[in-house]
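Results of the structural survey
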Amino acid sequence: MDVSEKALCLALFTGLVMRLGPTLSVNPANGIPMLSDGLVLAFILVRRGSSSPLRPLGWALALSATLLPLLIRPGGTALVAPGLAGAIGLSGLTLSIWSKLTLRRSFGLAPANRGIVHGGPYRMVRHPMYLGYVLTEIGFLLNNPNGWNISIFVLALGCQMVRIQSEEAVLRLDSAYADILKRVRYRLLPGLF
């Protein structure tokens, strides 16, 4: 199953690069999702194994939240200045990179306890990597607004929110996570969720 998951991620990432790559000369900010998703792919390829049993629903949600953004397409009239959309996307990319570097090999798709991480951006929100993904996706969507991309991002965000709850159900089984819940109030967006 692990090999199939990695192969599917690689195939969809290749498609993303083929769709967005030709647009980079006109819209360099379209490279931000390629960088972000390329890093996800790299971490998927080197991640550490899990001590938790596979939960099919959690795995399906995580896979959907990860793979749906790989289906985005360029196109549409930008809603804001390209520089602003690019800045939002870059802030998301920076946050997701910082989060991944903090997690190191504890990164994974399916909800599992690969070790409780509480440093870096994980002191601000419990799932900063997913916040980074959301910001990256918003930046892309502001530059490439079309019905397809809006649908993809709404579905991905819904999967991401349920994924967070599924991950926390697994992590709550570890007593060390109780301290995190006390210190870091919000899951994704301070003041909202």
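Higher on the page you've got the structure.
Residues numbered from 1 in each chain as written. Predicted model: local features only at pLDDT ≥ 70, side-chain atom pairs only at ≥ 80, totals over all residues. Heavy atoms only, no water.

1. Describing the environment of G86
Tracing the backbone shows G86 in helix α4 (residues 82–103). Not counting the four nearest positions on each side in its chain, G86 is found in contact with A29, I32 and N143. (Helix = DSSP H or I, 4+ residues; strand = E, 2+ residues; numbered from the N terminus. Contact = heavy atoms within 4.5 Å.)

2. Notes on the packing of helix α2 (residues 31–46) against α4
Between α2 and α4, the shortest axis-to-axis distance is 9 Å and the interhelical angle comes to 15°. What the angle tells us is that α2 and α4 run roughly parallel. As for the relative orientation of α2 and α4, their crossing is left-handed in sense. Note on element contacts: α4 touches α2 through G86, G89, L90, L93, S96, I97, K100 and L101, opposite I32, L35, S36, L39, V40 and F43. Its residues assigned to classes, the contact of α2 with α4 comprises nine nonpolar, four polar and one charged. (Axes fitted to C-alpha atoms, helices over the stretch in contact; angles between N-to-C directions. Parallel < 35°, antiparallel > 145°, perpendicular 65-115°, else oblique. Left-handed = near helix turned anticlockwise from the far one by under 90°. Nonpolar A, V, L, I, M, F, W, Y, C, P; charged D, E, K, R; others polar.)

3. As for the pattern of salt bridges
Evaluation of the coordinates by the stated rule reveals five salt bridges. Where E168 meets R172, a salt bridge forms, and the shortest distance between an N and an O atom there is 3.5 Å. The closest approach of N and O atoms between D179 and R183, which form a salt bridge, is 2.9 Å. You can see D179 and its partner R183 sitting in helix α7 (residues 175–183), four residues apart, about one turn around the helix. Taking relative accessible area as the criterion, D179 reaches 38% and is therefore assigned partly exposed. The structure contains a network of salt bridges with shared partners spanning R126, E168, R172 and R187. (Salt bridge = Lys/Arg side-chain N within 4 Å of Asp/Glu carboxyl O. Buried < 20%, exposed > 50% of the residue type's maximum accessible area, 1.4 Å probe, protein only.)

By themselves, these are just geometric observations and shouldn't be taken as functional.
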